[in-house]
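The lines below spell out each chain.
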There are 2 protein chains.
Amino acid sequence: MHFAESSASERRYLPPAVAVSTVAFALHPPEGAAAGAPDAGAPAEGRETTAAGSVTLWIPLVRRTRPPFEGRWALPGGPTQWDETLVDTASRTLHDAVLRPPGYLEQLYAFGSVERSAEAQRLVTIGYWALYGERDLAAPPSAPAGQGAGAPVGRTPVAAPSRGGGAPGPRWDDVPPQSGPRQEGSGGPPGENDPNVAWFSADRLPRLAFDHVDIVEYALWRLRRKTEYSAVAHRFLGPVFTLAQLRSVHEAILGNRVDPANFRRQALAQGHLVDTGAVETGTRHRPARLFRFRAEPEDAPRPDR
Amino acid sequence: MHFAESSASERRYLPPAVAVSTVAFALHPPEGAAAGAPDAGAPAEGRETTAAGSVTLWIPLVRRTRPPFEGRWALPGGPTQWDETLVDTASRTLHDAVLRPPGYLEQLYAFGSVERSAEAQRLVTIGYWALYGERDLAAPPSAPAGQGAGAPVGRTPVAAPSRGGGAPGPRWDDVPPQSGPRQEGSGGPPGENDPNVAWFSADRLPRLAFDHVDIVEYALWRLRRKTEYSAVAHRFLGPVFTLAQLRSVHEAILGNRVDPANFRRQALAQGHLVDTGAVETGTRHRPARLFRFRAEPEDAPRPDR
DNA sequence: CGAATAGTGTCTGTTAGACACTATCGC
DNA sequence: GCGATAGTGTCTAACAGACACTATTCG
């Protein structure tokens, strides 16, 4: 790389580095992945339920192995490479941490602060948010994307448009300018149990590096807004699901109880759900009908193309 | 500049250049500014009204003076400088074209395409949208921000948060990597009548360079969404205004008629409007009450900080 | 049958939209 | 008074939220 040799004072004048940070959500960590406790570095027993029996959102984090913020947990991410689009970068860095491609990926906001520009290269960070559904987590872990200018991660299953208002992200800061392709938390060998990658419950996050808390905050806000006016919740579930499941996803996202009767009516009124005719089995009460989702035309001008 | 000497083939491996493009809206061009006709390069008589007597939105454009797309009109914009935040860049480049700071400025979407990377340096473009109110247009033109690393344009009156969903912009492409600070359409001397800057009616735009049409499209969509759930329309007007004026702004943005009675109720119900007690004068019918806007707490996590 | 959840019916309060009607100005 | 727009009242249909009630399964 050309710039390796430029001194710190010279780096001030370099063009800004472009990096990506992604907040990914899932209803629970993938099978076999580490579930982090708030402040312990070590995994803890954690599954998808909380006190009240309601579902929570989980977020994958990566532990930084070098300054600044060495040892702190941070969002998966890293610098863009010359042959990658921004989504590709998000996808690749996320894959490096989670070992699976997300089911949904959407841009959040671009933040270009000038902070610390006297000491380090200027940095522009593009925040993304992603979503892992049951389907996605079930997929067996695949090898990290790896080196250099290789093709961006195979299939980025969903590179989606968006609609809500754009918003902020904090300045990124990871990865020294023009460092190698693998991002921060990759000291050890890859594999499902990399000690530097863990999933945390969204309401019990450890202290994060940089202003990653703000990105998470914003991503959550966006996710909530989006579940209100759009159909995203179903993406957390498998191909077929009951209305109760869908509702509990809504409850997890919005953080409050939702009336089953009213939810049912609204959900069905949207016209997105198709009754498969099949019913749930294995319950010890009246089985619920299974629905699947019917894709419908987006109404937003499509950003990513 | 370090990179001036790097060859085209070397540039492929440079970090992406970061540029900004801004879609600015106003109810009419500033006094004395050129109003462009759809395809003529020359100004045409144009004021704020259209066929049906309704108001239209106007957008400032800059004519490119070098390839690619030489001669075409494009959005104001340019590359970020090492000491500028993204908003600053938007603000500065917009100021260079319009000679006034906007009343509102918000990020739209970041687009990082890899297209043409084989021939030119990789480019990441951050789209912004801005708004000039009466107040802002009334301000006398000030000199362009000018050279090098000078302080970013004095006051960027409003660097605002946002809420809607993020969305797309096309790849930018202007300005050769690391070119001088002044952007594209600045061949001639500055001043209110730079032949390479003109305002166009949003529904009669000329052919634009790059995919700037898409950015405009998206900005319009965002503006519409935002007027629906938030209070932005008032920013197009002066400090006090009648409900009829506010309504006609809504009509201009949404593109359809709005019932005066219902609009009034809704507008007042929001609680943002304060009756000043004063009334309109100079009409030849019953004068309307004048209102002013009362700022209220935002509910979106604030992105820009 | 009892526990438990699925699914339906109904009532109430709020709101968007349509539109008739009254008020108040200049002339 | 007339023309014109400001501003109010009212009716209707749609809808969200609360909640009672019925249906269907397991054990």
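Residues numbered from 1 in each chain as written. Chains lettered and ligands numbered in written order. Predicted model: local features only at pLDDT ≥ 70, side-chain atom pairs only at ≥ 80, totals over all residues. Heavy atoms only, no water.

S.K.: Please explain the pattern of salt bridges as it appears in this structure.
M.R.: When the charged atoms of two side chains lie near each other, side chains of opposite charge can form a pair. Residue and element names in this part refer to chain A. The full count for this structure, using the stated rule, is 12 salt bridges over all chains. In this structure, the salt-bridge partner of Glu251 is Arg257, at a minimum N-O distance of 3.3 Å. Taking the relative accessible area as the measure of exposure, Glu251 reaches 9% and is therefore buried. The network of salt bridges with shared partners includes Glu106, Arg222 and Lys226. (Salt bridge = Lys/Arg side-chain N within 4 Å of Asp/Glu carboxyl O. Buried < 20%, exposed > 50% of the residue type's maximum accessible area, 1.4 Å probe, protein only.)

S.K.: What exactly am I supposed to notice about the packing of aromatic side chains here?
M.R.: For any two aromatic rings, the description comes down to two numbers: the centre-to-centre distance and the angle of the planes. Evaluated as defined, the whole model comprises 12 aromatic pairs over all chains. A ring pair is formed by Phe69 of chain B and Phe210 of chain B, whose centres lie 4.9 Å apart and whose planes are at 65 degrees; its orientation type is edge-to-face. Here the residue Phe69 of chain B occupies a position in the loop between strand 2 (58–63) and strand 3 (73–74), and Phe210 of chain B occupies one in the loop between strand 7 (197–201) and helix 4 (212–229), the gap between them amounting to 141 residues. According to the relative accessible area criterion, Phe69 of chain B is partly exposed, its value standing at 34%. Judged by centre distance (6.0 Å) and plane angle (75 degrees), the rings of Tyr132 of chain B and Trp199 of chain B are edge-to-face. Taken together, the residues span a long stretch of sequence, with Tyr132 of chain B in strand 6 (residues 123–132) and Trp199 of chain B in strand 7 at a distance of 67 residues. In textbook terms, an aromatic cluster arises when at least three aromatic residues are bridged by ring pairs, as seen for Phe25, Tyr104 and Trp129 of chain A. Directly above the ring of Tyr229 of chain B sits Arg225 of chain A, whose terminal nitrogen or CZ lies 5.5 Å from the centroid. (Phe/Tyr/Trp six-rings, centres within 6.5 Å; stacked < 30°, edge-to-face > 60°. Helix = DSSP H or I, 4+ residues; strand = E, 2+ residues; numbered from the N terminus. Lys NZ or Arg CZ within 6 Å of the ring centre and 35° of its normal.)

S.K.: Teacher, can you tell me more about the protein's contact with DNA strand D here?
M.R.: Near DNA strand D lie 20 residues; those nearest to it are Asn262 and Arg286 of chain A together with Arg264, His285 and Arg289 of chain B. The share of sugar and phosphate among atoms of DNA strand D within 4 Å of the protein is 60%. Between DNA strand D and His285 of chain B there is a distance of 3.3 Å, counted from a sugar or linking oxygen to a side-chain nitrogen or oxygen. When contributions to the surface near DNA strand D are tallied by element, the ones reaching two or more residues are helix 6 (260–269) of chain A together with helix 6 (260–269) of chain B. It is helix 6 of chain A that provides the largest number of residues to the surface near DNA strand D, a total of 4 residues. Of the residues that constitute the surface near DNA strand D, the class distribution is 6 nonpolar, 5 polar and 9 charged. (Near = heavy atom within 4 Å. Polar contact = N/O pair within 3.5 Å; in protein donor to acceptor, adjacent residues only side chain to side chain. Nonpolar A, V, L, I, M, F, W, Y, C, P; charged D, E, K, R; others polar.)

S.K.: Would you mind showing me how to read the sheet that holds strand 9 (residues 273–279) of chain B here?
M.R.: The pairing of strands in a sheet comes from backbone hydrogen bonds and takes either a parallel or an antiparallel form. One open sheet accounts for 3 strands, arranged 8-10-9 (chain B); its pairing is antiparallel. Sheet topology places strand 8 (240–241) and strand 9 of chain B at the edges, where each strand pairs with a single neighbour. (Pairing = 2+ DSSP bridges.)

S.K.: Looking at this model, I keep getting lost on unusual backbone geometry. Mind explaining?
M.R.: The omega angle of the peptide bond from Pro67 of chain A to Pro68 of chain A is -5 degrees, so this bond is cis rather than trans. Looking at the element boundaries, Pro68 of chain A is found in the loop between strand 2 (58–63) and strand 3 (73–74). Of note, Leu99 of chain A is a non-glycine position whose phi angle comes to about 70 degrees, a positive value. One non-glycine residue, Phe210 of chain B, lies in positive phi territory at about 50 degrees.

S.K.: I'm lost on the protein's contact with DNA strand C in this one. Help?
M.R.: Around DNA strand C, the surrounding shell holds 19 residues, and the nearest of these are Arg264 and His285 of chain A together with Asn262, Arg286 and Pro287 of chain B. Sugar and phosphate atoms constitute 60% of the interface atoms of DNA strand C, taking the interface as everything within 4 Å of the protein. The side chain of Arg265 of chain A places a nitrogen or oxygen atom 3.1 Å from a base oxygen of DNA strand C. Side-chain polar atom of Arg286 of chain A to a base nitrogen of DNA strand C: 3.1 Å apart, as the coordinates give it. Breaking the surface near DNA strand C down by element, the ones donating at least two residues are helix 6 of chain A together with helix 6 of chain B. Counted by class, the surface near DNA strand C contains 6 nonpolar, 5 polar and 8 charged residues.

S.K.: Whenever I open this one, the environment of Val62 of chain B confuses me. Can you help?
M.R.: Residue and element names in this part refer to chain B. With respect to the element layout, Val62 can be found in strand 2. For Val62, a relative accessible area of 1% puts it in the buried group. Considered as a pair, Val62 and Asn196 are 134 residues apart in the sequence and their alpha carbons are 5.5 Å apart.

S.K.: Teacher, can you tell me more about helix 5 (residues 243–254) of chain B here?
M.R.: Think of an α-helix as turning once every 3.6 residues; residues three or four places apart then point the same way. Residue and element names in this part refer to chain B. When the terminal C-alpha atoms of helix 5 are compared, their 16 Å separation across 12 residues agrees well with the 16 Å that a helix rising 1.5 Å per residue should span. By the burial criterion, the buried members of helix 5 are Leu243, Leu246, Arg247, Val249, His250, Glu251, Ala252 and Ile253. The elements touched by buried residues of helix 5 are helix 4, strand 8, helix 6, strand 9 and strand 10 (289–293). At the exit of helix 5 stands Gly255, carrying a positive phi of roughly 80 degrees. (Expected span 1.5 Å × (residues − 1). Contact = heavy atoms within 4.5 Å.)

S.K.: What is the right way to read the packing of helix 5 (residues 243–254) of chain A against helix 6 of chain A from this model?
M.R.: The axes of two packed helices give the description: the angle between them and the distance between them. Residues and elements named next belong to chain A. The contact between helix 5 and helix 6 brings their axes to 10 Å, and the two run at 100 degrees. Taken together, helix 5 and helix 6 sit at an angle that is classed as roughly perpendicular. From helix 5, Leu243, Leu246, Arg247 and His250 reach across to helix 6, where they touch Pro260, Phe263, Arg264, Ala267 and Leu268. Looking at the contact of helix 5 with helix 6 residue by residue, the classes come out as 6 nonpolar, 1 polar and 2 charged. (Axes fitted to C-alpha atoms, helices over the stretch in contact; angles between N-to-C directions. Parallel < 35°, antiparallel > 145°, perpendicular 65-115°, else oblique.)

S.K.: Help me understand the sheet that holds strand 10 (residues 289–293) of chain A, please; the structure alone is not making it clear to me.
M.R.: Residue and element names in this part refer to chain A. If you walk across this open sheet you meet the 3 strands as 8-10-9, and the pairing is antiparallel. Both edges of this open sheet fall to strand 8 (240–241) and strand 9 (273–279), since each of them pairs with a single strand only. Two strands pair when backbone bridges link them, and strand 8 and strand 10 are joined in this way by 2 bridges, in the antiparallel orientation. Considered in strand 10, the bridge of Val240 is made with Arg292.

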